[in-house]
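Survey of secondary and tertiary structure
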Amino acid sequence: MTRDELDVDPDELYGRLKTYEGRTAASGGAGRDPVNEPMIRHWCEAMGDTNPAYPAVAPPTMLQAWTMGGLAGHPGGSARSEAYDELLALLDDAGCTSVVATDCEQEYLRPLRPGDRVTFDAVIESVSPRKTTKLGTGYFVTTRMNVRAGDGELVGTHRFRILKYAPARPKRAAKPEPKRTPEPERKSEPKRKSEPPADRPRRPRPVINRDNAGFWEGVARHQLLIQRCLDCATPRFPWLPGCGACGSQRWEAVEASGAGTVFSYVVMHHPPFPAFDPPYAVALIELAEGVRMVSDITGVPYDKVRIGMPVELEFLRVDEELELPVFRGAEA
């Protein structure tokens with residue numbers, strides 16, 4: 001079996017997976033703590049939410065917080081059903097041994113109040129046909145949790161979707177000549193973004209140490225430098241002293257082309273921070289060289305950022321001391 005092609009009959013497997021739709025995923029679940037003011041206050045402080053309605057009621061988006069078992073789990077064991085464990089085991093046996101959460105949807109029917117005791121149950125709502133993604137080949141599994149107050153009143157629902165998949169085989173870069181280049185030859189100058197207003201609050205300073213100093217020296221020259229192992233040719237970012245693939249400590253600095261695509265992204269609304277103007281998009285960029293880095297997205301509105309969007313490197317002068325590599329998106 002290759003890692004990106006499952007060694008099973010897809011029709012037979014999917015037929016078995018579909019039999020789990022509608023079956024119980026969790027039952028008899030109970031929140032470890034009643035809805036309470038301290039948790040509401042901590043949540044609001046972390047999110048920067050100063051709505052005067054809190055803590056008399058809980059923020060609706062805290063819905064899942066009241067159902068979580070924490071590191072110790074739920075008293076008396078997990079509320080998860082045997083059917084859900086069987087479904088996950090079936091996917092494991094088919095080679096889908098990795099998992100990633102993809103999205104969630106919540107519906108709020110009435111606010112929770114301090115003193116409410118939360119109970120919950122869940123159902124396996126759907127299993128998708130086999131899908132091939134950049135991560136690998138697998139199946140999306142969606143569960144729907146019903147959250148109730150102590151009197152049994154339905155107060156909200158929480159749909160949670162995961163991808164159970166067989167990881168795709170990484171592409172190997174061609175092995176380079178074993179010659180280290182301390183300062184790579186400069187490529188065409190990336191675009192440089194204009195400086196922000198002088199009265200803008202300062203951004204946090206990056207932590208520069210002996211392991212990543214070369215990266216920041218490259219930024220000062222308007223070069224985006226990644227590392228490449230001199231023994232197995234695996235590229236890596238962020239900068240590390242050793243290769244994660246073979247363990248070698250021999251490497252060279254390579255200037256990235258600056259071309260990439262949006263692999264994933266989030267739109268930041270809370271908590272507010274003086275140096276940033278929410279909402280804004282923060283993306284995980286997949287560079288043409290095969291590594292990924294977190295970056296601001298410039299040039300497009302936050303609500304136009306999309307997975308797969310092509311981006312191009314530019315350098316942003318943040319203040320008189322700090323310049324950062326960022327990526328400019330292109331609207332379709």
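Scroll up for the structure.
An account of the accompanying structure is given in this report.

The rules behind the values
- Residues numbered from 1 in each chain as written.
- Predicted model: local features only at pLDDT ≥ 70, side-chain atom pairs only at ≥ 80, totals over all residues.
- Heavy atoms only, no water.
- Helix = DSSP H or I, 4+ residues; strand = E, 2+ residues; numbered from the N terminus.
- Contact = heavy atoms within 4.5 Å.
- Phe/Tyr/Trp six-rings, centres within 6.5 Å; stacked < 30°, edge-to-face > 60°.
- Buried < 20%, exposed > 50% of the residue type's maximum accessible area, 1.4 Å probe, protein only.
- Polar contact = N/O pair within 3.5 Å; in protein donor to acceptor, adjacent residues only side chain to side chain.
- Pairing = 2+ DSSP bridges.
- 1 Å grid on protein atoms, 1.4 Å probe; cavity = no way out; pocket = protein on both sides within 12 Å on 5 of 7 lines; lining within 4 Å.
- Points joined across faces, edges and corners; volume = space filled by probe spheres on them.
- Nonpolar A, V, L, I, M, F, W, Y, C, P; charged D, E, K, R; others polar.
- Salt bridge = Lys/Arg side-chain N within 4 Å of Asp/Glu carboxyl O.
- Core = buried A, V, L, I, M, F, W, Y, C linked by side-chain atoms within 4.5 Å.

What to know about the overall build of the protein
A tally of helices and strands in the protein yields 4 helices and 15 strands. Pairs at least 24 apart in sequence give 69% of the contacts found in the protein among residues at least 6 apart.

Describing the packing of aromatic side chains
Here the structure, examined in full by the defined rule, presents 4 aromatic pairs. Summarising the aromatic geometry, the rings of Trp239 and Trp251 are spaced 5.3 Å apart at their centres and angled 65° between planes, so their arrangement reads as edge-to-face. With Trp239 in the loop between strand E9 (235-236) and strand E10 (251-255) and Trp251 in strand E10, the pair connects residues that are 12 residues apart, well separated along the chain. We classify Trp251 as buried; its relative accessible area is 15%. Judged by centre distance (5.4 Å) and plane angle (20°), the ring pair of Phe276 and Tyr280 falls under stacked.

So, unusual backbone geometry
A negative phi holds for most residues other than glycine; trans holds for most peptide bonds. Residues Tyr54 and Pro55 are joined by a peptide bond in cis, for which omega reads 10°. With respect to the secondary-structure elements, Pro55 resides in the loop between helix H2 (37-47) and helix H3 (82-93). Phi angles above zero are rare outside glycine, and His222 is one such case at about 60°. Judged by its relative accessible area of 6%, His222 is buried. The backbone phi angle of Ala233 is positive, close to 70°, even though this residue is not glycine. Positionally, Ala233 belongs in the loop between strand E8 (225-229) and E9. Exposure remark for Ala233: the relative accessible area of 1% places this residue in the buried category.

What to know about the side chain of Thr298
Positionally, Thr298 belongs in strand E13 (residues 292-298). Looking at Thr298, its side chain comes within polar contact range of the side chain of Glu314, at 2.8 Å.

Let's talk about the sheet that holds E10
Taken in spatial order, the 3 strands make up an open sheet running E9-E8-E10, and their pairing is antiparallel. Sheet topology places E9 and E10 at the edges, where each strand pairs with a single neighbour. As defined by bridge partners, E8 adjoins E10 across 5 bridges and the pair is classed as antiparallel. Opposite Arg228, over in E10, you have Glu252 as the bridge partner.

A word on empty space enclosed by the protein
Following the criterion strictly, the structure yields 1 cavity of 30 Å³ or more and no others. Size it by volume and the largest cavity reaches roughly 70 Å³. Lining of the largest cavity is provided by Ala58, Pro59, Pro60, Met62, Leu63, Trp66, Tyr108, Arg110, Pro111, Leu112 and Val155. Its residues assigned to classes, the lining of the largest cavity comprises 10 nonpolar, no polar and 1 charged.

Structural notes on the pairing of E8
Successive side chains on a regular strand alternate, one facing one side of the sheet and the next facing the other. Among the 5 residues that make up E8, 4 are buried, leaving the element largely enclosed by the rest of the structure. The turn linking E8 back onto E9 is made up of 5 residues, and Ala233 within it adopts a positive phi angle of 70°.

Looking at the pattern of salt bridges
Inspection of the entire model under this criterion finds 21 salt bridges. Salt-bridge contacts for Glu320 lead to Arg202; the nearest nitrogen and oxygen are separated by 3.6 Å. Taken together, the positions of Glu320 in the loop between strand E14 (310-317) and strand E15 (323-329) and Arg202 in the loop between strand E7 (191-193) and helix H4 (213-220) put the pair 118 residues apart, joining distant regions of the chain. Residue class for Glu320 comes out exposed when judged on its relative accessible area of 61%.

What about the nonpolar core?
Core analysis: the biggest nonpolar cluster contains 36 residues, and Leu17, Ile40, Trp66, Tyr84, Leu87 and Leu112 have the highest contact counts within it. Put simply, the parts of the chain that give this core at least two residues each are helix H1 (10-18), strand E1 (24-30), H2, H3, strand E3 (119-127), strand E5 (136-148) and strand E6 (154-167). Take this core: its biggest share by element is 6 residues, from H3. In contact with Ile40, not counting residues within four places along its chain, are Val35, Tyr54, Pro55, Val57, Ala58, Pro59, Met62, Trp66 and Pro114.

Remarks on the environment of Phe140
With respect to the element layout, Phe140 can be found in strand E5. With relative accessibility at 22%, the residue Phe140 sits in the partly exposed group. Leaving out residues up to four positions away in the same chain, Phe140 has contacts with Thr102, Ser126, Val127, Ser128, Lys131, Thr133, Arg161, Ile162 and Leu163.

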